[in-house]
Amino acid sequence: MPHPTKFIIDFDSTFTQVEALDILGEISLLNDPDREIKLKAIKDITDKGMEGTVTFRDSLIQRIDILKATKSQIADLILELKQKVSKSFERNKEFLQDNAANIYIVSNGFRDFIIPIVGDYGIHEDNVFANEFVYDEADNIVDFNRENPLSQNNGKAETIRKINLEGEIYVIGDGYTDYEIKKSGLANKFYAFTENVNRPKVTREADHIAPSLDEILYVNNLNTKFSYPKSRIKVLLLENVHQIGVDLLNAEGYEVEVVSSAMSEEELCEKIKTVSILGIRSKTNVTKKVLENANRLIAVGAFCIGTNQIDLETCQEKGIAVFNAPFSNTRSVVEMAIAEIIFLMRNFVDKTASMHQGNWDKSATGSFEIRGKKLGIVGYGNIGAQLSVLAENMGLNVFYYDVIEKLALGNATKVNSLDELMSTCDIISLHVDGRKDNENVINRKKIELMKPGSYLLNLSRGHVVDIPAVRDAILSGRLAGCAFDVFPEEPKNNKEPFVSELIGLPNTILTPHIGGSTLEAQENIARFVPGKIMEYINTGNTYNSVNFPNIQLPFLQNAHRLIHIHMNEPGVLAKINQILANFEINIVGQYLKTNEKIGYVITDIDKAYSNEALDALKHIPGTIRFRVLY
Ligand SMILES: NC(=O)C1=CN([C@@H]2O[C@H](COP(=O)(O)OP(=O)(O)OC[C@H]3O[C@@H](n4cnc5c(N)ncnc54)[C@H](O)[C@@H]3O)[C@@H](O)[C@H]2O)C=CC1
Ligand SMILES: O=C(O)CCC(=O)C(=O)O
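Nothing here was measured: the structure is a model prediction, and the numbers come from that model.

**Student:** Which residues make up the sheet that holds strand β8 (residues 208-210), and what values do they have?
**Tutor:** In spatial order, the strands read β3-β2-β1-β6-β7-β8; together these six strands make up an open sheet with parallel pairing. Edge positions in the sheet fall to β3 (128-131) and β8, since each of these pairs with one other strand and no more. Taking the axes of each pair of neighbouring strands and ignoring which way they run, one obtains an average angle of 20 degrees across the sheet. Here strand β7 (residues 189-193) pairs with β8 via three bridges, running parallel. From the neighbouring strand, Phe193 faces β8, where its bridge partner is Ala210. Packed on one face of the sheet, helix α9 (residues 155-163) meets β1 (6-9), β2 (103-110) and β3 and runs near 140 degrees to β2.

**Student:** I'd like to hear about the site of ligand 1, residue by residue, with values.
**Tutor:** The environment of ligand 1 is formed by 30 residues, the closest being Gly306, Gly379, Gly381, Ile383 and Gly515. Counting residues per element, the ones that place at least two in the shell around ligand 1 are α17 (330-346) and α19 (382-393). When residues of the shell around ligand 1 are assigned to their parent elements, the largest contribution, three residues, is made by α19. Here the residues of the shell around ligand 1 sort into 12 nonpolar, 14 polar and four charged.

**Student:** So what about the packing of helix α2 (residues 20-28) against helix α5 (residues 71-82)? Which residues, and what values?
**Tutor:** Packing of α2 against α5 brings their axes to within 9 Å, and their N-to-C directions diverge by 125 degrees. With respect to their mutual orientation, α2 and α5 come out oblique. Of the two elements, α2 crosses α5, and the hand of that crossing is right-handed. Residues Ala20, Ile23, Leu24, Ile27 and Ser28 of α2 lie in contact with α5, whose contacting residues are Gln73, Asp76, Leu77, Glu80 and Leu81. Each residue belonging to the contact of α2 with α5 can be placed in one class, and the counts come to six nonpolar, two polar and two charged.

**Student:** Help me get a handle on the sheet that holds strand β15 (residues 397-401), residues and values and all.
**Tutor:** Pairing is parallel in the open sheet, where seven strands are placed in the order β16-β15-β14-β17-β18-β19-β20. Every interior strand has two partners, whereas the edge strands, β16 (413-414) and β20 (508-510), have only one. Here four bridges tie strand β14 (residues 374-378) to strand β17 (residues 427-430), and the two strands are oriented parallel to one another. Opposite Leu375, over in β17, you have Ile427 as the bridge partner. The strands touched by α19 are β14, β15 and β17; relative to β15, the strand with the most contacts, the crossing angle is about 165 degrees. Against the sheet, helix α22 (residues 467-476) touches β18 (454-458), β19 (479-484) and β20, its axis set at about 140 degrees to β19.

**Student:** I'd love a proper account of unusual backbone geometry, names of residues and values included.
**Tutor:** In the Ramachandran plot, Asn164 falls in the positive-phi region, its phi being about 60 degrees despite a non-glycine side chain. We classify Asn164 as exposed; it has 7 C-beta atoms within 10 Å. Unlike most non-glycine residues, Asn240 shows phi in positive territory, near 55 degrees. Relative to the assigned elements, Asn240 resides in the loop between β9 (234-237) and α13 (243-251). Under the C-beta neighbour-count criterion, Asn240 is labelled partly exposed, with 17 such atoms within 10 Å.

**Student:** Describe the packing of α5 against helix α8 (residues 111-119), naming the residues involved and giving the relevant values.
**Tutor:** The contact between α5 and α8 brings their axes to 10 Å, and the two run at 40 degrees. As far as their axial angle goes, α8 and α5 are oblique. Every pair of crossing elements has a handedness; the one defined by α5 and α8 is right-handed. Packed against α5, whose contacting residues are Ile74, Leu77, Ile78, Leu81 and Lys82, the element α8 presents Asp112, Phe113, Pro116 and Ile117 at the interface. Residue composition of the contact of α5 with α8, grouped by class: seven nonpolar, no polar and two charged.

**Student:** With reference to specific residues and values, describe the site of ligand 2.
**Tutor:** Residues in contact with ligand 2, as listed here, are Arg281, Ser282, Cys304, Ile305, Gly306, Asn329, Gly516 and Ser517. When its residues are assigned to classes, the shell around ligand 2 shows two nonpolar, five polar and one charged.

**Student:** Now, about the nonpolar core: what can you tell me, with residues and values included?
**Tutor:** Ranked by size, the top nonpolar core spans 57 residues in total, and within it Ile277, Ala299, Val300 and Phe303 carry the most contacts. A total of eight residues in this core trace back to one element, the largest contributor, which is helix α23 (residues 519-539). Inspection of this core shows a minimum of three residues originating in each of domain 2 (233-327 + 519-548) and domain 4 (554-629). One finds Ala20, Leu60, Leu67 and Phe190 within the second-largest nonpolar core, a separate group that totals 53 residues.

**Student:** Can you lay out helix α10 (residues 176-183) for me, pointing to particular residues and giving the numbers?
**Tutor:** An α-helical turn contains 3.6 residues, so a residue and the one three or four places further along point in the same direction. The buried count for α10 comes to seven of eight residues, which makes it a mostly enclosed element. Those residues of α10 not exposed but buried are Tyr176, Thr177, Asp178, Tyr179, Glu180, Ile181 and Lys182.

**Student:** So, the domain arrangement of the chain: which residues are in play, and what are the values?
**Tutor:** The domain architecture assigned to the chain consists of domain 1 (6-219), domain 2 (233-327 + 519-548), domain 3 (330-517) and domain 4 (554-629). Computed from C-alpha atoms alone, the centre-to-centre distance between domain 1 and domain 3 is 61 Å.

**Student:** Describe in detail the pairing of strand β22 (residues 587-594), supporting the description with residues and values.
**Tutor:** As paired strands, β22 and strand β23 (residues 598-605) are joined by seven bridges and run antiparallel to one another. In the strand pairing of β23, Ile587 is matched with Ile605. Hairpin geometry of β22 and β23 is characterised by an intervening segment of three residues between the two adjacent antiparallel strands.

**Student:** Any details on the environment of Cys304? Residues and values, ideally.
**Tutor:** Relative to the helices and strands, Cys304 is located in the loop between β12 (299-302) and α16 (312-317). A residue is classified by how many C-beta atoms lie within 10 Å of it, and Cys304, with 26 of them, is buried. When sequence neighbours within four positions are dropped, the list of residues in contact with Cys304 reads Arg281, Ser282, Asn324, Ala325, Asn329, Gly516 and Ile525.

About the thresholds
Residues numbered from 1 in each chain as written. Chains lettered and ligands numbered in written order. Predicted model: local features only at pLDDT ≥ 70, side-chain atom pairs only at ≥ 80, totals over all residues. Pairing = 2+ DSSP bridges. Helix = DSSP H or I, 4+ residues; strand = E, 2+ residues; numbered from the N terminus. Axes fitted to C-alpha atoms, helices over the stretch in contact; angles between N-to-C directions. Contact = placed C-beta atoms within 7 Å. Near = placed C-beta within 6 Å. Nonpolar A, V, L, I, M, F, W, Y, C, P; charged D, E, K, R; others polar. Parallel < 35°, antiparallel > 145°, perpendicular 65-115°, else oblique. Left-handed = near helix turned anticlockwise from the far one by under 90°. Buried ≥ 20, exposed ≤ 12 C-beta atoms within 10 Å, placed from the backbone. Core = buried A, V, L, I, M, F, W, Y, C linked by C-beta atoms within 7 Å. Domains from an automatic or database assignment.

If you want it as C-alpha cells, here you go:
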C-alpha cells in the first residue's frame, strides 16, 4: 500500500550525489584547454544560483553557454549519474518503487537526464517536472525551453501550484528553491537534505535536517528496510584511524566523529554514552567502567591486531561485538623486525648518531652478518610464523617456542621450552599476544639465560618484558643490543612525553609503537575493520569477531532477520521457537552458535509478524540484546 503523503523531491545533489551540469561539463569540456577554469566557473555559478545570489535564469544561461554540450553527451551523462544516485536513495529503492505514484521530482535540472535515472526507481515521467534542453539540427544544446516555469526564479512553487496536489505534502531538497515551495504555502514540511551538501542558508529554514532519506522515513514511521536510520548511528574513531576508514563509515551514512588521540578512561566514560560504534587502536583502554556507560554501543572495532586493551568479557555480557584486523599489519611488523635485527647486529643506530656529531668511526668491531645466526622466535602466531619464513630466506637459522602446538614452517625448529630457546639463540624476537598472563614473561631470570652478546627484540606488547632487567643487561654487556617498539607505559598521543629506563642506552633501538604503522597496513586495516562492522550491523554476520560466536550468514532475501543475543543458558533456542510457533510465524532459516558465555541465534522469518511477538522475544529471560533486520 503506497503511503498517502506526497513527496516532492529535488534531483541534483538530492536524488543524485552530484550537480548534473557539473558532470556534463566534465564530459563536454574533456578536450578543452581551459577545462579546469570553465569547470570551476560552472560550479561557482551553480552555487550562486543555489544560494540565491544570482538569479536562477541567469545561472542557467551562463552555464549552458560554457558547457557547449551535445545530445550524445547527455547519454554519457546518464551513464555517469546512474552510478551517483545518493546512497540512501539506493538503499530505499523498494520504498521509492512502492510509493512511486506519490513521488514527484521537481527540479531545475533537465528532464532529458532525470527521467532515465528516476525511472529505474519506478518514478513515472509524468511525475517528473524539470527543464528541457533545446537542440539545433546538429544535436548541439543551444538553449532551454524558456516558457518552462522551472527555468525561472521561484519556478518550483509555480509548477507545484499548477499540479495542484492535495493532502499532506513533504518537500525534500538541498537548495533554497526547495524551501521556497514550503515558503509559498504549498507544502506542509521542508526536509533539508544534507547527505551530499550542507547549505546553512537552507538548513536554517528546514522543519527537519535530514542527513539521509532513511532519517525522513524513520521520523515518519515509513521505513521498511532499516530498523534505525544510519545517520542516527554515531561512530567515534580515536587514535588517527586512516582516512579510508572514516570515508567508508561516512559513506554508509553514519555520523562519524574523529579524534586523533586516545582517550583516558574518564573522557571515554562520558563520550561513550551516545556512541554506537567505537573505533580504537592500541592505546585506548575499553574498560569495564567505560562499558558500564556504553548503553548504545553495538560494536567495537580494534583498528589493529591486539585486543588486550578491550574488556572482551564485559563486551560479551553487554552484547557488544568486537572486531579487529588480525592480518592487516602482520607483514609490516615482520619487515621491521628483519630491519632491526640487521641494524642491531651492525650497530647502525649508534653509528649514524655518532656521524651526525661529526665522528668518523670506521671499524668492524661488534658488527656481524645475520647469515647463519640463530633467531629464536617467542610466539609462533601470524607474525612469528611470517618472520620465520622471511628470516630463513635471509640466511638465519630459525627456532621457535609457542605455548600451543604450531606447525614449523620451512626449516624452522620447534623448541620445547622458553628457557631452551632463550639460552641457545643469538637473537630473541618476541611475538606473543597481549594476554594478561604474559606480564613479565621475559623476566630477569629469562634475560640472564640469554647468551652473552645476544640481542632482544620486543614488537609485541609492552608488559611482556621486565624493562629494568633489560637495562641492567645492556649496561653489563650481556645483551649487545635491543629493539623495543612497545612499552609498559605509552603516551596517549604525540604531544605527551615518552619516559623509559631504556632511553640513552647503547645499541638500543626505540620506536613509538610503529610496527604496524605503514600506509599499506593502515589502509588495509581501515578497509577491513569497517567492512566487518558494517556487515555485522547490516546482516548479523559475526565471522572473524574476536568475542562473538562466529556465524557466516547467507544474504537476507524476502525475509526478516531476528538477531537474538543471550546468556548461554539451556533452553533459550527452544523458548525463541516456542514464541514463534505461538504467533504462527514461519521460520525460513535458523542459525545458532554459542561460546562459553553467550549464545547467538539468527532466525530468518516470513515477513508477517506482530509487535507482540517481537516484544515476547525481547523478554525471554537471559536476553542480552535483540534486533530485527528488514
Ligand atoms: N608493534 C606493533 O605495532 C604491533 C604489535 N602487534 C602485536 O604482536 C603480537 C603478535 O601478533 P600476532 O602474531 O598477530 O598474534 P597471534 O595471536 O597470531 O600469535 C601470538 C602467538 O603467541 C603465542 N603465545 C602467547 N603467549 C605465549 C607465551 N607466553 N609463550 C609462547 N607463546 C605464546 C600464541 O599461542 C600465539 O601462537 C601481538 O601481541 C600483537 O598485539 C601486532 C601488530 C602490530
Ligand atoms: O598501530 C597501532 O596502533 C597498534 C598496532 C598493534 O600493536 C596491533 O596491531 O596490535
